[in-house]
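# An overview of the molecular structure
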Amino acid sequence: MAVSLPFNIGLLLFPHLTQLDLTGPWEVFARMPGVTNYLVWKDRQPVMSDRGLAILPTTTFDDCPPLDLICIPGGPGQIALMDDEETLDFVRRTANNAQWVTSVCTGSLVLGAAGLLQGYRATTHWGSLDQLSLLGATPVAERVVRDGNRITGAGVTSGIDFALTVAEELFGRAVAENIQLQMEYDPEPPFQSGSPRSASPERLAQAQTQMQDFIARRRVATETAAAKLKR
């Protein structure tokens, strides 16, 4: 693979994100040769994840160097970003100059709110997959979806699959396989209940009931963002 080094990757760090959306890809990216990773937010104060893990940004919107790849993770805090013009402007500016525009989980809805997925195939967490269509994207129920220079990962744990896909794209299969082996990424889940396709009807109904109020709030944010894109 012909990759110009150094290669700068920026992952958006924001309050109440799901940390594994961020740290799963970070672990893979940090093992790629010649790559510099940045955790980017408005300031350098600790950022609290949705489950109480504090993470330190390494750069700010103002200080962030040009990025070759931008990655937007997801999580409950994504809702607030849907009309956060400072963040959306940073994402737009960075994406316009980046070689790769990527996301994990509901980070794709942020890309959509920034107008960066119109006409593209994309994925997100299964509970919100249909919302992508409101933002001009074509929802695809797959673990990782690539369309042009857009690469999106589905929910949470798929961030590792997503990042290994990026590693192969940038450095070839041998490098990606070596990273996978180093990480011993060889999942054998104790239960076959990790997606709507494999979960029992009872488990799926329970999860949908538990999430329904939150998904409804997310949909309102997505509909508001979609209306702004049409202006």
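Residues numbered from 1 in each chain as written. Predicted model: local features only at pLDDT ≥ 70, side-chain atom pairs only at ≥ 80, totals over all residues. Heavy atoms only, no water.

### Description of the UniProt feature "domain: DJ-1/PfpI" (unreviewed entry) in the protein chain
- Using the residue numbers shown here, the UniProt feature "domain: DJ-1/PfpI" (unreviewed entry) corresponds to residues 11–168.
- Between the end C-alpha atoms of residues 11–168 the distance is 19 Å, and the span holds 29% helix and 23% strand. (UniProt positions renumbered as here; feature names shortened; annotations may be inferred. Helix = DSSP H or I, 4+ residues; strand = E, 2+ residues; numbered from the N terminus.)

### With respect to the packing of helix H5 (residues 158–171) against helix H6 (residues 173–182)
- Relative orientation of the contacting elements H5 and H6 amounts to 145°, with a least axis distance of 7 Å. Remark: the crossing between H5 and H6 carries right-handed chirality. Seen from H5, the contacting residues are Leu164, Ala167, Glu168 and Phe171; seen from H6, they are Arg173, Val175, Ala176, Ile179 and Gln180.
- Of the residues belonging to the contact of H5 with H6, the class tally is 6 nonpolar, 1 polar and 2 charged. (Axes fitted to C-alpha atoms, helices over the stretch in contact; angles between N-to-C directions. Left-handed = near helix turned anticlockwise from the far one by under 90°. Contact = heavy atoms within 4.5 Å. Nonpolar A, V, L, I, M, F, W, Y, C, P; charged D, E, K, R; others polar.)

### A short note on helix H7 (residues 201–229)
- In this model H7 runs just 36 Å from its N-terminal to its C-terminal C-alpha over 29 residues, more than 12% under the 42 Å that 1.5 Å per residue would give.
- Helix geometry: H7 is bent most strongly at glutamine 212, by close to 55°.
- Among the residues of H7, Leu204, Ala207, Ile215, Arg218, Ala221, Thr222, Ala225 and Ala226 are the ones counted as buried.
- Elements in contact with the buried residues of H7: helix H2 (78–81) and helix H4 (107–113). (Expected span 1.5 Å × (residues − 1). Bend = angle between axes of the 7 residues up to and from the residue. Buried < 20%, exposed > 50% of the residue type's maximum accessible area, 1.4 Å probe, protein only.)

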